[in-house]
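# Examination of the molecular architecture
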Amino acid sequence: MRRAYKLMVVAVVALTFVLTSAFAPRESVVVGSKLFTEAVILGEVATLLAASNGAEAVHRRQLGGTRVLWNALLNGDIDVYAEYTGTLYEEILQTNPSPQLAATLRDSLGVEMTGPLGFNNTYALGVRAESARNLGLSAISDLSAHPELRFGFSNEFVDRNDGWPLLRSAYRLPQQARGMDHDLAYRGLAAGDIDVMDLYTTDAEIAYYNIAVLEDDARVFPTYNAIYVFRADLATRAPAFVDALRALSGTIPESLMVSMNRSVKIDGESESMVAQRYLASIGIAVDAGEERSRLARIALRTREHLVLVGISLFFAILVSIPLGIWAARSPRVGVVILGLVGVLYTIPSLALLAFMIPLIGIGGPPAMVALFLYSLLPIVRNTHAGLTGIAPRLSESAEALGLSAFEKLRHVELPLSARSIVAGIKTAAVINVGTATLGALIGAGGYGQPILTGIRLDDVGLILEGAVPAALLALLVQGLFSIKRYH
Amino acid sequence: MLTLSRISKRYDTTVLDGVSLDVAAGDSIAVIGASGCGKSTLLRIVNGLVAPDAGSVHIDGQPMTSDTARKLRRRIGYVVQGGGLFPHLTAAGNVTLAARVFGWPGDKIAKRISELAELVRLTTAQLDRKPDELSGGQNQRVAVMRALMLDPDLLLMDEPLAGLDPMVRASLQRELRELFVRLAKTVVFVTHDLVEADVVADRIALLDSGKIVQQGTLRELVESPATRFVGDFVQAYRVPSVLADR
């Protein structure tokens, strides 16, 4: 038993070191992207461009909404992402459009921007072509005469200053709006569950679903010229890349962006492939490498997932066992410790991950901290239960032999509690494997990444590519711990 | 060797009320009394596992306090009720645990364990088994071995033979008696069985209502009981017939 325990500790430590190396090489350029396909394509363009200019580049895909990306940029978690001028004015700076935008960003925030890429992806409202015909709708102002129409808007649009609030007051619209996922809104509109939705004018689905775009006749929506924003220090770290990025200005007209979006969303091509073809068309040959095979992708995700689970679990064990011992030693402290780890455990995973972003930023570390916090309860509780469950006469016998408190703990109490402690570690490990899939939401990678992308692209195969290995890993972890018990 | 002076302890339902007792080196005494009369608590106090509310314990003139307890305990062998063997260790592991922790060299441990195995009649094969693979009587022998390992001056035994079947019990009583005489240990032996007390120890101390009401040999207790309780207690065992057998 004791040898098995030692062996396990050695294995966990070794594993941790091997896996940590996965995070070790600090990428010199980190590209971020928002949750929608166009953002991911532009992120992929920047990533390929950085790589072709000699930088180690990594793309943290679909990290979140505007706030998450902007804060990640200011914190240095990412170096560059694609943004829209309208969003900068309305949502981030909350000022009126001015030609001084670039100077303001540079001087007060340390952020640089490229010139406009060439397309204006502004908001628009859309209805089914058939309802446009039947109701005689051609402009947004026509909507006020039809209060019965059901509005389904993307969640961000409902909340943004430049979104629904502005629109409603400008056009005096009587309708209520329901918040929903943008991709689901298209399906809802086609199915007739909603009648009006917000659109991005470069969305490929507009043509695909035969949607009539209503004219913004009161000129309410600002201009959303696509640009890249990047940290000012990138110009010294990767000057060639920054020059190349600036040179993209004016090379993506609206028709091209619509067709790139269609290639990914409708035709099912990868963002990387589409980005590569675009760069080739403007004379930049990039070596995107071979498209990773499904197996290679799973292997990469597995490694990321194991790093998240392994490191968080390792530190949880390191902290929880002493905490459990302390709780067992002193009942009054025990109540506090068990209460605290219990409360931590009840925080919803999504909320905990969201709390981590302002504290630690994005990527692996905040996800590991969240997983670490979740792992505390099962291990602390089982250590406590194991120690307090030892028969009093055994504990008395150990003391009567003249052993010190530490000797008694080491030679008698911990070995007697080992089964309970190992069961706690097993519970924590299995829970971690499942919860770690949420890490993808804050850019930690792992099996959650294909699930997230699969939801965006409505691709069940991709969703399973994350879900099946996650389930198998959970079973494997459970199995490993069960085998150990028979030795 | 062992001196208890006016020990008092209120402890749940158990009450000790001014217990004094002297045990000379090499003597053995059996403390006897009804269940729950505080016999086990008295042993815990001797060993420093429980602090008395009043009174003191001296071992070879040294007071037992929380500061001296750990050092003094290495000179005290203690067999708790039911043996208290550690289920995760083999019999040998149980016996040698303290010696290993205290850094005895391996050859010294091996020599000591073979001496003791012979003394308590256990085989090497039996010593390699875990407590749940041994019989009740064998486990008691292991517990005695563990208590003797560090060659203590004082041996405390708390109902070591409880729960064994009568034949095993009778033979172990005789063996323990021989052991005590041969090793010349000072022994405090707690039991609720008057016959066992007589077989195992030189002297019997009868505990009632938190006080030692009489000390002496079984014959003295039978022939001149100090209180009515002593008379009733002795009666309950039909001791005259036991004495007649000897």
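Values in this document were obtained by computation on a predicted structure and should not be read as measured data.

### Considerations on the interface of chain A and chain B
Contact with chain A, which involves 16 residues of that partner, is made by 23 residues of chain B. Roughly 1,700 Å² is buried in total at the junction of chain A and chain B, and carbon and sulfur atoms are behind 66% of that figure. Three residues stand out in chain A for area buried against chain B, namely A:Glu396, A:Ala400 and A:Leu401, and they jointly supply 33% of the buried area on that side. At the junction of chain A with chain B, the criterion picks out one salt bridge. Put simply, A:Glu396 and B:Arg44 hold a salt bridge, and the shortest N to O gap is 2.5 Å. At the junction of chain A with chain B, the criterion picks out five residue pairs in polar contact (both at pLDDT 80 or more). Elements with a contribution of two residues or more to the side of chain A that touches chain B: helix 19 (392-400) and helix 20 (405-435) of chain A. Broken down by element, the side of chain A that touches chain B gets its largest block of residues, seven residues, from helix 19 of chain A. Looking at side-chain class alone, the side of chain A that touches chain B contains eight nonpolar, four polar and four charged residues.

### Notes on the pattern of salt bridges
Residue and element names in this part refer to chain A. Enumeration according to the criterion identifies 35 salt bridges over all chains in this entry. Between Lys 34 and Glu 83 there is a salt bridge, with its nearest N and O atoms 2.9 Å apart. In this pair, Lys 34 is assigned in strand 1 (residues 29-34) and Glu 83 in strand 3 (residues 80-84), connecting sequence segments 49 residues apart. Owing to a relative accessible area of 0%, Glu 83 belongs among the buried residues under this scheme. Of the charged contacts, one joins Arg 246 and Glu 112 as a salt bridge, the two residues approaching to 3.2 Å between their closest N and O atoms. Here Arg 246, found in helix 12 (residues 239-246), pairs with Glu 112, found in strand 4 (residues 111-113); they are 134 residues apart in sequence, far enough to count as distant.

### Some points on the packing of helix 15 (residues 294-329) of chain A against helix 20 of chain A
Residues and elements named next belong to chain A. Closest axis-to-axis distance for the helix 15/helix 20 pair is 10 Å, and the angle between their directions is 140°. Classified by the angle their axes make, helix 15 and helix 20 are oblique. Once helix 15 is placed against helix 20, the crossing between them reads as right-handed. Only Leu 409, Glu 413, Leu 414, Ile 421, Ile 425, Ala 428, Ala 429, Asn 432 and Val 433 of helix 20 make contact with helix 15, whose side of the interface consists of His 305, Val 309, Ser 312, Leu 313, Ile 317, Ile 321, Ile 325 and Arg 329.

### A few points about the packing of aromatic side chains
All names here are of chain A. Taken as a whole, this structure holds 16 aromatic pairs over all chains when the rule is applied. Plain terms: the ring middles of Tyr 123 and Phe 221 are 5.8 Å apart, the flat faces sit at 45° to each other, and that makes the pair tilted. Of the two residues, Tyr 123 sits in strand 5 (residues 123-128) while Phe 221 sits in the loop between strand 9 (211-214) and strand 10 (226-231), which places them 98 residues apart along the sequence. Ring geometry for Phe 151 and Trp 164: centres 5.6 Å apart, planes at 70°, overall edge-to-face. One end of the pair, Phe 151, is in strand 6 (residues 151-154); the other, Trp 164, is in helix 8 (residues 164-171), with 13 residues separating them in the sequence. Relative accessible area serves as the criterion here: at 4%, Trp 164 is assigned to the buried category.

### Brief notes about helix 13 (residues 254-265) of chain A
Residue and element names in this part refer to chain A. Compared with an ideal rise of 1.5 Å per residue, which puts 12 residues at 16 Å, helix 13 spans 16 Å between its outermost C-alpha atoms and is within 8% of the ideal. Among the residues of helix 13, Met 257, Met 260, Asn 261, Ser 263 and Val 264 are the ones counted as buried. Each buried residue of helix 13 sits inside an arc of 155° when the element is viewed along its axis, so together they form one side. Buried-residue contacts for helix 13 involve helix 2 (37-52), helix 14 (271-281) and helix 21 (448-457).

Thresholds, definitions, all that
- Residues numbered from 1 in each chain as written.
- Chains lettered and ligands numbered in written order.
- Predicted model: local features only at pLDDT ≥ 70, side-chain atom pairs only at ≥ 80, totals over all residues.
- Heavy atoms only, no water.
- Contact = heavy atoms within 4.5 Å.
- Buried area = accessible area lost by both parts, 1.4 Å probe.
- Salt bridge = Lys/Arg side-chain N within 4 Å of Asp/Glu carboxyl O.
- Polar contact = N/O pair within 3.5 Å; in protein donor to acceptor, adjacent residues only side chain to side chain.
- Helix = DSSP H or I, 4+ residues; strand = E, 2+ residues; numbered from the N terminus.
- Nonpolar A, V, L, I, M, F, W, Y, C, P; charged D, E, K, R; others polar.
- Buried < 20%, exposed > 50% of the residue type's maximum accessible area, 1.4 Å probe, protein only.
- Axes fitted to C-alpha atoms, helices over the stretch in contact; angles between N-to-C directions.
- Parallel < 35°, antiparallel > 145°, perpendicular 65-115°, else oblique.
- Left-handed = near helix turned anticlockwise from the far one by under 90°.
- Phe/Tyr/Trp six-rings, centres within 6.5 Å; stacked < 30°, edge-to-face > 60°.
- Expected span 1.5 Å × (residues − 1).
- Arc of directions from axis to C-beta.

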